[in-house]
Amino acid sequence: MDQLVRRINAQYKLDLSEEEIQQLARQAIATEEILRPLYEVDLAQLRPILGIVNNPYRRRRIRGAK
Amino acid sequence: MTALDVEELTIARLAPRIKARKVSVRQLTEAFLDRIRDFNPRLNAYQTLMEKSAVAQSASLDRELRAGKVRGPLHGIPFSLKDNLATRGVRTTAGSKQLAGWVPDFDATVVEKLRNAGAVILGKTNMHEWAAGSTTINPYYGTTANPWDHSRIAGGSSGGSAAAVAARLCLGAIGTDNAGSVRNPAALCGVVGVKPTYGRVSRYGGVLGTGGFSTDHFGPFAVTVKDAALILGAIAGADPKDPLSSSEPVPNYLKSIGGSVKGLRAGIIPGYYEPLMSSEAKKIFAAALHQLRDLGVKTAEIKIPHVDLIPAVQLATSRVENAVAAHEHLRKAPRDYSPALMYRHINALMIPADAYVTAQRVRRLICEEFEDAFAKVDVIVAPTVGMSAQTVEECKAGFVMMDGKKIALAQDRGNLGTLCTIPFNVTGLPAMSLCCGFAANGSPLGMQIAAPPFEEGLVFQVGHAYEQAAGWHLRRPAMS
């Protein structure tokens, strides 16, 4: 993860200290852990949202549609 | 008009008196401005006062009354605006260092609608830096104190708005709610706060980067449920300047006030909130449910199978959407963010695209699960916060004592301050917080009532019935 932090540091010219880089790398690993369960949900039959809609409930799911 | 009179006022009570010219708008405005001068130095609820324009506006509204013109129930009512709502000619900082000198040349739609409705804008209220937290401990503009106990936080991110209403430094306020930023401070300050359905209120003129594109909502604070209904009626509706605003017609919310709730079904989601609730908050929430049952509401447990993924969906969505909006500032002057917020944006930049997309798909699944639940119940009832307001010192330390245990304010399952509120940001469903009791330390707690999309009327109906039966809204913080 710290390589990714270093890349963003260079890209955005953030001038992060080594301590900050290590701290951000640890935070990124913690975030990855929080997000991991999202990938475990069976979404095979669920269409992704293709855009932000102002009333998703009006566009009722088309689950299982081919 | 005495200070005591101001404390007794509500919009619904005041509107007929203004219409009958028993109270002048100028007199009312001056009374509130005096009160702000007296109490704001201790509370820091207002960041910018608009005294001159408020007095001029009040004189103009009085002239209209003399000519027989009444704009509606908000004619002459003193209001405040969260400082992330663009206000023409008035500094709008979003609680940030970057926008410290920004004076917009336009009004946010919600501000324009309030002005058209005759509201008198007294000033801009303090908020958490870029609305990115729930304490309103702001490194640039100071901490907003809770009117019930000045050593405690007012909540956030719209902490100044909630504190101003609770202390009667205005009778209505507009805040923004990306993760609970209206409902959380409303609960901690003992007032009513509404997060309407996504798209119900135009977000045009909200400062970019103070809420996710798809999770942020604008909504009112008020002293009572009826007042909140009056305000929402004035600010809701389609806006050509906001393509994500809804064209759904705006009903007369007052028609919902006073309706019987006997036989209505209220759903409770078991297991989600409890791990981060104090035993005291659990007892108070249980008592509120009991009160609802006494009113004839039938309560039932409902299942939202993927409810535990809500914190992950909220994180992957709002944090990433906010970081996108922060690009320009991050590139220009990243150290103008507080360190915590700069780190948060960097963290968001490292969230992969597939996590964002997957979160949106899971989000749809969760929306469907709520929709299925609403086939069985009319409303969902939930706590707004898991405990009463923390002290400022506890927040600065990042820990709080709950039932003898040291609890971190930032949790894997979500921020302690927003865990209860984010389900309705992820789903876009309307939800209102109102006072449901007081902790032993004298601080208020809140209960949320949520409903199917665009059913704010139902939220007001149940909320008003509970409010009138419970009577918590009659308590006021000591302001001497």
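The rules behind the values
Residue numbers here run from 1 along each chain, matching the order of that chain's written sequence. The lettering of chains begins at A and the numbering of ligands begins at 1, in the order of writing. Totals for whole chains, interfaces and linings use all residues, but because this is a predicted model, local features are given only for residues with pLDDT of at least 70 and pairs of side-chain atoms are given and counted only at 80 or more. With hydrogens and water excluded, all non-hydrogen atoms of the structure serve as input to the side-chain values. In this analysis the probe radius is 1.4 Å and the grid spacing 1 Å, with only protein atoms considered; a cavity is a set of points the probe fits into but cannot get out of, a pocket is an open set with protein on both sides within 12 Å along at least five of seven lines, and lining residues have an atom within 4 Å of a point. Grid points are joined across faces, edges and corners, and a volume is the space filled by probe spheres set on the points. Three classes are used: nonpolar for Ala, Val, Leu, Ile, Met, Phe, Trp, Tyr, Cys and Pro, charged for Asp, Glu, Lys and Arg, and polar for all others, with Gly counted as polar. Only DSSP runs of H or I reaching four residues or more are called helices, and only runs of E reaching two or more are called strands; each is numbered from the N terminus. Exposed residues in this analysis have more than 50% of their type's maximum accessible area, buried residues have under 20%, and partly exposed residues fall in between, with area computed by a 1.4 Å probe over protein chains only. The charged-residue count follows a simple rule in which Lys and Arg add positive charge and Asp and Glu add negative charge, with His and chain termini not counted at all. By salt bridge we mean one thing: a side-chain nitrogen of Lys or Arg within 4 Å of a carboxyl oxygen of Asp or Glu. Two N or O atoms count as a polar contact when they lie within 3.5 Å, although within protein this holds only if one can serve as hydrogen donor and the other as acceptor, and sequence-adjacent residues are included solely when both atoms are side-chain atoms. Any two residues whose heavy atoms approach within 4.5 Å at even a single point are treated as in contact. Buried area: the sum, over both parts, of the accessible surface (1.4 Å probe) that disappears when the two are put together. Centre distance within 6.5 Å is the pairing criterion for rings of Phe, Tyr and Trp, where only the six-membered ring of Trp is used; planes under 30 degrees apart are then read as stacked, over 60 as edge-to-face, and the remainder as tilted. Two strands are said to pair when DSSP picks up at least two bridges between them. Interaxial angle, 0 to 180 degrees, is taken between N-to-C directions of lines fitted to C-alpha atoms, where a helix line uses only the stretch in contact. Roughly parallel refers to an angle under 35 degrees, roughly antiparallel to one over 145, roughly perpendicular to one between 65 and 115, and oblique to any angle outside these ranges. The sense of a crossing depends on the near helix, which, turned anticlockwise from the far helix by less than a right angle, makes the crossing left-handed and, turned clockwise, makes it right-handed.

Draft legend 1. Local environment of empty space enclosed by the protein. Inspection of the entire model under this criterion finds seven cavities of 30 Å³ or more. If you add up the space inside the second largest cavity, you get close to 70 Å³. For the lining of the second largest cavity, a count of residues per class yields seven nonpolar, three polar and one charged.

Draft legend 2. Expanded view of the layout of surface pockets. Residue and element names in this part refer to chain B. Its boundaries defined by the atoms lining it, the second largest pocket holds a volume of some 440 Å³. Together, 24 residues line the second largest pocket, and Gly206, Val207, Leu208, Gly209 and Phe213 are the ones closest to its centre. With three residues, helix α10 (residues 310-332) is the single largest residue contributor to the lining of the second largest pocket.

Draft legend 3. Structural view of the side chain of B:Lys195. Residues and elements named next belong to chain B. Mapped onto the fold, Lys195 is located in strand β9 (residues 192-195). Among buried Asp, Glu, Lys and Arg side chains, Lys195 stands out as unpaired, with Asp177 the closest opposite charge at 6.4 Å. Of the polar contacts made by the side chain of Lys195, one reaches the backbone oxygen of Phe424; its length is 3.1 Å. From its side chain, Lys195 meets the backbone oxygen of Leu429 in a polar contact 2.7 Å long. Contact partners of Lys195, with chain neighbours within four places excluded, come to Asp177, Arg183, His217, Phe424, Asn425, Gly428, Leu429, Pro430 and Ala431.

Draft legend 4. Representation of the interface of chain A and chain B. Facing 37 residues of chain A, the contacting portion of chain B comprises 45 residues. Of the roughly 3900 Å² buried at the junction of chain A and chain B (both faces included), carbon and sulfur atoms supply 64%. At the surface where chain A touches chain B, the tally comes to one salt bridge. Run the count over chain A and chain B and you get nine residue pairs in polar contact (both at pLDDT 80 or more). Put simply, the parts of the chain that give the side of chain A that touches chain B at least two residues each are α1 (2-12) and α2 (18-35) of chain A. At eight residues, α2(A) tops the list of elements feeding residues into the side of chain A that touches chain B. Classifying every residue of the side of chain A that touches chain B gives 22 nonpolar, six polar and nine charged.

Draft legend 5. Local environment of the packing of aromatic side chains. Residue and element names in this part refer to chain B. This structure, assessed with the given rule, holds nine aromatic pairs over all chains. Their ring planes at 55° and their centres at 5.8 Å tell us that Phe438 and Trp472 sit as a pair that is tilted. On the criterion of sequence distance, the pair formed by Phe438 in strand β18 (residues 431-438) and Trp472 in the segment after α15 (456-470) is long-range, its members being 34 residues apart. Under the relative-accessibility criterion, Phe438 is labelled buried at 13%.

Draft legend 6. Molecular detail of helix α6 (residues 159-166) of chain B. Residue and element names in this part refer to chain B. Counting buried residues in α6 gives eight out of eight residues, a clear majority hidden from the surface. Gly159, Gly160, Ser161, Ala162, Ala163, Ala164, Val165 and Ala166 are the residues of α6 that are buried. Backbone geometry just after α6 places Arg168 at a positive phi near 55°.

Draft legend 7. Focus on the sheet that holds strand β13 (residues 379-383) of chain B. All names here are of chain B. Across the sheet, 11 strands lie side by side as β1-β3-β2-β8-β10-β9-β18-β19-β13-β11-β12; this open sheet has mixed pairing. Among the strands making up the open sheet, the edge pair consists of β1 (46-49) and β12 (298-301). If you compare each strand with its neighbour and ignore which way they point, the axes differ by 30° on average. Examined bridge by bridge, β18 and strand β19 (residues 444-450) share seven bridges and lie antiparallel to one another. Considered in β19, the bridge of Leu434 is made with Met447. Strands in contact with helix α4 (residues 51-66) are β1 and β3 (120-125); relative to β3, the strand with the most contacts, it is inclined by about 160°.

Draft legend 8. Seen up close, the pairing of strand β15 (residues 405-408) of chain B. All names here are of chain B. Examined bridge by bridge, strand β14 (residues 399-402) and β15 share four bridges and lie antiparallel to one another. Each residue of the ladder has a partner; that of Met402, found in β15, is Lys405. Between the antiparallel neighbours β14 and β15 lie two residues, among them Asp403 with a positive phi of about 50°.

Draft legend 9. Quick look at the packing of α2(A) against helix α11 (residues 339-349) of chain B. Packing of α2(A) against α11(B) brings their axes to within 10 Å, and their N-to-C directions diverge by 55°. Here α2(A) lies oblique to α11(B), going by the angle between them. Classified by chirality, the crossing of α11(B) by α2(A) is right-handed. Residues A:Glu20, A:Gln23, A:Leu24, A:Gln27, A:Ala28 and A:Thr31 of α2(A) form the contact with α11(B), whose participating residues are B:Met342, B:Tyr343, B:Ile346 and B:Asn347. Of the residues contributing to the contact of α2(A) with α11(B), the split by class is five nonpolar, four polar and one charged.

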